[in-house]
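Tertiary structure, described
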Amino acid sequence: MEMARGDPRNVAYILHWDGFQPFDGKYNHGSELLKSRLLTCVKEERQKQSEIFVVGFVPTYLLPERRPVALDPFLLPLIEEIEDGFINGIEVDNYAFSLPQFPSGPTKLRHLILLVTADHVALCEICKALFCKENPCRGCKCGSTLVPVSNHYYYGEYRKSTKYPWPKRNIDDELETLQAIEDEERKTVAQEMAKAAGFTGLSILHRLNVLYGFDYRRHCVFDVMHTVALGVVKKHLSYLLDNDLLDRSTVQERLSHVPWTAEFLSSRYPSKFSRMGFWKAEEFQKFAYPLSEVLLGGLLPNEHYEAWECLARIVEFLYCQGRNGWTVDSAAIFQNIVLRYNILVEESQGLNTCHVVNHNITHIHEDVLNFGSPDNYWCYNFERAVKRYIAISSNHKNIEITFARTELRREVLKVRSSLKSQEGYFKKDISYPEKRHYQSLPTLESDLQHFTTEASHLTAICGVLVGRLKPIHLSDASQMNSICAHLTACFGANHSSNNDLAEECRSIFFTNPDRVGGVLYRLGEHVVYTLPSNGQEKLLTLTKLVRIKVNEEYHLFATGDCLEPVMHGSDAVIHQWGKHALLRPAGVEITIPSSCIQQKVMLYPEPDNLTDPSFYVCIDYQRPHFPITDVIIPSYPEVGDMLLVKGDDPEPWRALALTVQQRNNVVQVHFYVPHPRWGRQSGCWVREGTRSQQVHFKSIIGISSGTWRSGRSIYKEDQRSIPRSKTLKNG
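Throughout, a residue's number is its position along its own chain's written sequence, starting from 1. Where totals are concerned, whole chains, interfaces and linings use all residues; where local detail is concerned, this predicted model gives features only for residues with pLDDT of at least 70, and gives and counts side-chain atom pairs only at 80 or more. Computation of side-chain values covers all heavy atoms of the structure but excludes hydrogens and water.

1. Focus: the nonpolar core
Applicable threshold: Put simply, buried Ala, Val, Leu, Ile, Met, Phe, Trp, Tyr and Cys residues joined by side-chain atoms within 4.5 Å make one nonpolar core. Per-residue accessibility, obtained with a 1.4 Å probe over protein chains only, is compared with the maximum for each type, and a residue is labelled buried under 20%, exposed over 50%, and partly exposed between these values. Two residues form a contact once any of their heavy atoms are found within 4.5 Å.
Counting residues in each nonpolar core, the largest one holds 90 residues, and the members touching the most others are Leu237, Phe287, Trp308, Leu318 and Tyr604. If sequence neighbours within four positions are ignored, Leu318 has contacts with Val224, Val228, Arg323, Trp326, Phe334, Ile364, Pro374 and Trp378.

Printed below as a string of structure tokens:
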């Protein structure tokens, strides 16, 4: 047996399987391609489309249909190369970089496939799984229901699954069955066996299992782009429109007044509701978060809006909060939101809307725990790279060969150019610019990767002006007083000079300490700022960005129109849809140091009065903290359960389930009250003297755990079973 020492310089790949139409759908000429991307490099580099390399093109229009082994010959060379590179290693003549205990020079590296990503159908092809039917999930044995009218399988019983989770699949337990299906030569027998097992054979990827434990059941991830944006969000929105639960004209009017920031406008964004059939994943994602709760507020019945509210939180978690990092607790919260969403969808829309994508999102948290944030392996960049191949000029004959030769030429030239530019990698570190200004954003972005730690820190705090500078005179007395007060606080002396010369710019850039890159703030945008004196967050609309030179040192200031919260008595008013703060112009202009700027927000006009709003809804789409700390998952009551029922009291009522009517979603219960002698603090409950009553599932907020005493006349409750501070709860 040959032993190998682990080396942090070893290479790991992410594999992507994708199908496309090279002739833009004009001809029935389906092709598929296998792409790879290096995972063992910095995130900002591996996210570039130029870092996507093609393993091979597959002319699927020539392959026999419904033959699971048809793709194996195209995957075999890759698997053999991975096996050889993992076992024997790859000789490197002169590795340029050194690490502790791993010096530069000649070395032997190994490589492996860490994970595979694709849409659901493509992953089923490469894993030899059935993408629908009775057992479509490669992660668990989920339940399914065949609806005779549509002859389709649907996947529900989510409320029950919260109490009795579906059993997980173990490839070791099914290995003999999968091999038997693979070896079966009778087509009809193999189909029956596959229908029962959920797989059409043993994937060739299983050969990597004996090498380093690659399990294609768990290491083929569920892509967020196809599963959430193009799956759940699209299907949910289509259901609301097809069933006339939304007024298209009202939604379109609200959508046309969305104040999209430059970050949203830099790519595709939802603008016309009538063209929803042509929306891409980005449009569905941006519609769902951050504005959908305000756009749909008051237009949907409560039960449908409650489900959509969960979907907005799912999108926010995946595309915003989750990109700042995940923890075990945050993954658990996300999973609870997913379970709550599926339960609400099943009960408000019916079983016919519970497709396989609804079930697939229940496994996203497992991929997060295995591989981190989904933006590390989602398919956005892989899908965009397809345009590069379609744009290749060809004579429409043997186009896969044309694509392969062109891609090979690109990859060879890229490697050669990277070798020539290795000297540029050691570019001298760049300090924070003394003038705090860059002429253009591309120049700044190219220098950011060479900023020193101190320069990045100062850019994150004070920012850097970007664009052309325009000399101005500061004629406003209040503005001059604010600037002088700040300079006095900085230098400890009175700087009330008559020098009113300054320079104005239209934008300022701040680096993001949590992510690569940063945010560009422009005039006219709305920002949150905090003054050092009180630390209270306030908002203003940027109207001017200036640079002032004092004692051979430059200082940056921002001027803007203040916004104040809408008050009801002594309390700030919160919008009922989305729970955002309400603001209105204060009629006051203020000048602050650029270091006071915290983040960017959007102000949406009053939804019921878009043309002449009396207030604005503050959309904090960059909020640093997720607004939910706990989630109430709708319970699955059974006879004998002690239920926690939402009533008029702050504390939930206790009720013993006598009978359960699943069809009507009601429970016949006996209510229990605190023990008359020992009180609520004892945790002891006795039966109330009234007769049994009916309670709807929506009123149940949990199931208590405890024990019976004195012949089941006294119920002793475990205090830990009582739900406390909840944000998402039953309506």
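2. Some remarks on the sheet that holds strand β10 (residues 464-466)
Going by this rule: Note on pairing: two strands pair once DSSP finds at least 2 bridges between them. Secondary structure counts use DSSP, requiring at least four H or I residues in a row for a helix and at least two E residues in a row for a strand, with both numbered from the N terminus. In this analysis an axis means a line fitted to C-alpha atoms, helices contributing only their contacting stretch, and an angle means the value between N-to-C directions, from 0 to 180 degrees.
One open sheet accounts for 4 strands, arranged β9-β10-β13-β14; its pairing is mixed. Looking at which strands have only one partner, the edges of the open sheet turn out to be β9 (437-438) and β14 (518-522). By the bridge criterion, 3 bridges tie β10 to strand β13 (residues 507-511) in an arrangement that is antiparallel. Bridge assignment links Leu465 to a residue of β13, and that residue is Ile508. Along the sheet face, helix α19 (residues 441-448) touches β9, β10, β13 and β14 and points at about 15 degrees away from the line of β13. The strands that helix α20 (residues 453-461) touches are β10 and β13; relative to β13, the one it contacts most, it runs at about 130 degrees.

3. Some points on the sheet that holds strand β6 (residues 111-117)
With mixed pairing, 4 strands are arranged side by side in an open sheet as β3-β2-β1-β6. Two strands in the sheet have a free side with no partner beyond their single neighbour: β3 (52-58) and β6. Taking the axes of each pair of neighbouring strands and ignoring which way they run, one obtains an average angle of 30 degrees across the sheet. Summarising the sheet, strand β1 (residues 11-20) and strand β2 (residues 31-38) pair through 8 bridges and their orientation is antiparallel.

4. Examining α19
Formally: The arc in question is formed by the directions pointing from the helix axis toward the C-beta atoms.
Among the residues making up α19, those that are buried are Leu444, Asp447 and Leu448. In an axial view of α19, the angular spread of the buried residues amounts to 110 degrees, which keeps them on one side of the axis. Where α19 is buried, its residues touch β9, β10 and β13.

5. What about unusual backbone geometry?
Residue Pro290 is reached from Tyr289 by a cis peptide bond, and omega for that bond is 25 degrees. Looking at where Pro290 falls in the secondary structure, it is placed in helix α11 (residues 281-296). In this structure, Lys128 is a non-glycine residue whose phi angle is positive, near 60 degrees. If you trace the backbone, Lys128 turns up in the loop between α3 (120-127) and β7 (145-147).

6. Thoughts on the packing of aromatic side chains
Counted only if it meets this: Each aromatic pair joins two rings of Phe, Tyr and Trp (for Trp, the six-membered one) with centres within 6.5 Å, and gets the label stacked for planes under 30 degrees apart, edge-to-face for over 60, and tilted for any other angle.
Inspection of the entire model under this criterion finds 28 aromatic pairs. Centroid distance Trp326 to Phe334: 5.5 Å. Interplanar angle 80 degrees. Geometry classified as edge-to-face. The same class applies to Trp326 and to Phe334, which are both buried. Seen from their ring centres, Phe510 and Tyr521 are 5.4 Å apart, and the 90 degrees between their planes marks the pair as edge-to-face. With Phe510 in strand β13 and Tyr521 in strand β14, this residue pair connects regions lying 11 residues apart in the sequence. Across this residue pair, the class does not change: Phe510 and Tyr521 are buried. Feature note: the residues Phe273, Trp279, Phe284, Phe287 and Trp308 constitute an aromatic cluster, connected by ring pairs.

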